[in-house]
Amino acid sequence: MTINRRGALGAALATTLAANLPLGAIAQGAQQGGGGNWPSKPIRIIVPYPPGGSSDIIARSISQPLSEALGQSVIIDNKAGANGNLGADLLAKAPADGYTLMLCDLGALAISPSLYPKLPFDPSKDLRSVSMLAYSPHLLVVHPSVQANTLKELVELSKKSDLNFAVTASGSTAHLAGIELQRKVGAKWEYVPYKGGVQAVLDTVSGQTQVLMNGMLATYPQVQSGKLKLIAVSKATRMPLIGSVPTIAEQGVPGYESGTWQGVVAARGVPDAVIARLNKELVRIIRTPDIRARLAGQGAEVVTMAAPEQDQFFAKERARWAQVIKEANVRLD
């Protein structure tokens, strides 16, 4: 399957044991590992997507509490491009001192090695895990004018009507999830790529595209306002927030699950003690009742992992999407 781009759309911590070390031991380890008196200056969190998406929402939710915990400013820096690869490359080439981090959809990052033959960095070699933070399932939605209320009806409509499927970014997790779903149910639609989820959502709201699969965190507000119609949720089980909405698995695709997994990564070489401190603070912050409740109200679940668990997640996701890419013959022109 070849993905054709339109016009201006260009190609654009440590272990759990370490995380529980006393702060004195962490400080000593940071000095031994090159971290010195970290942090002694502002910290930049790269969000490799445009403002307003799931990663951006979570990054801005944690930035102030993290700043207060570390005693330094935390700056959110949106560096969109190439399905997150631009920002990831900046991180990979940044000094390994713990002052530059990235918060993004880790599933998309796991897809890149199989999809981009000349990727300028290797996620498994150039980046290291810090902590998983949250999971938001994909919502399969359509413009209200689309005459379908179930997955079966949407599939049947796609076979006799021209439907455009908005892609948040070529090769994104949502894009590959759409391809996997299409192959399993036999749907027919045309993929239209964007440079980020916000514009993909807006164009589906306006009716320029008719179908969209995107993270719930960034999509559900448009469902609540009636501007998009919800067909299914990609979680393995129903979401409490939308308990009446059946999953894709329930609608004839057993075992189907996808979504956006938001986590933090750093450059390879950042001292273990710095990773441990970051993991400890990030996990504490994301689990606070206020942030947990706020995210839950928008459709995201707090899911934390230590670095080794996140590494296992990367490996599993790379294998899954590599198979989808191979079977569907997905390539970027």
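Structure: above.
Residues numbered from 1 in each chain as written. Predicted model: local features only at pLDDT ≥ 70, side-chain atom pairs only at ≥ 80, totals over all residues. Heavy atoms only, no water.

Participant: Mind showing me how you'd approach helix α4 (residues 85-92) here?
Facilitator: Along an α-helix, a turn takes 3.6 residues, which lines up residues three or four apart on a common side. Burial in α4 covers these residues: Asn-85, Gly-87, Ala-88, Asp-89 and Leu-91. In the core, the buried residues of α4 are packed alongside β2 (43-47), β4 (100-105), α5 (106-115), β5 (127-142) and β10 (259-267). (Buried < 20%, exposed > 50% of the residue type's maximum accessible area, 1.4 Å probe, protein only. Helix = DSSP H or I, 4+ residues; strand = E, 2+ residues; numbered from the N terminus. Contact = heavy atoms within 4.5 Å.)

Participant: Sorry, what's going on with the packing of α5 against helix α13 (residues 307-328) here?
Facilitator: When two helices pack together, their arrangement is given by the angle between their axes and by how far apart the axes lie. As a packed pair, α5 and α13 sit with axes 8 Å apart at the nearest point and diverge in direction by 50°. Overall, the two elements α5 and α13 adopt an arrangement that is oblique. Here the hand of the crossing between α5 and α13 comes out right-handed. On α13, the residues that touch Leu-106, Gly-107, Leu-109, Ala-110, Ile-111, Pro-113, Ser-114 and Leu-115 of α5 are Gln-310, Phe-313, Phe-314, Glu-317, Arg-318, Trp-321, Ala-322 and Ile-325. Taken together, the residues of the contact of α5 with α13 sort by class into 11 nonpolar, three polar and two charged. (Axes fitted to C-alpha atoms, helices over the stretch in contact; angles between N-to-C directions. Parallel < 35°, antiparallel > 145°, perpendicular 65-115°, else oblique. Left-handed = near helix turned anticlockwise from the far one by under 90°. Nonpolar A, V, L, I, M, F, W, Y, C, P; charged D, E, K, R; others polar.)

Participant: What am I meant to see in the packing of aromatic side chains here?
Facilitator: The description of an aromatic ring pair uses the distance of the two centres, along with the angle that the planes make with each other. Within this structure, the stated rule accounts for five aromatic pairs. Pairing Trp-38 with Tyr-99 gives two aromatic rings, centres 6.3 Å apart and planes at 50°, and the pair type is tilted. In this pair, Trp-38 is assigned in the loop between α2 (23-32) and β2 and Tyr-99 in the loop between α4 and β4, connecting sequence segments 61 residues apart. For the residue pair Trp-38 and Tyr-99, the accessibility class agrees, reading buried in each case. Within the aromatic cluster, the residues linked to one another by ring pairs are Tyr-135, Trp-261 and Phe-313. Geometry around Tyr-99 places Lys-41 over its ring, the cationic atom sitting 4.8 Å from the centre. (Phe/Tyr/Trp six-rings, centres within 6.5 Å; stacked < 30°, edge-to-face > 60°. Lys NZ or Arg CZ within 6 Å of the ring centre and 35° of its normal.)

Participant: What is the right way to read the pairing of strand β6 (residues 164-167) from this model?
Facilitator: Regular strands place their side chains on alternate faces of the sheet. In this sheet, strand β7 (residues 190-193) lies alongside β6 in parallel orientation, the contact comprising four bridges. Paired with Val-167 across the bridge in β7 is Pro-193. Chirality of the crossover, the property in question, places the unit of β6, helix α8 (residues 173-185) and β7 among those that are right-handed. In terms of strand pairing, β6 meets strand β8 (residues 211-215) through two bridges, oriented parallel. Directly across from Ala-166, in β8, lies its bridge partner Leu-212. (Pairing = 2+ DSSP bridges. Right-handed = clockwise from strand over helix to strand, strands pointing away.)

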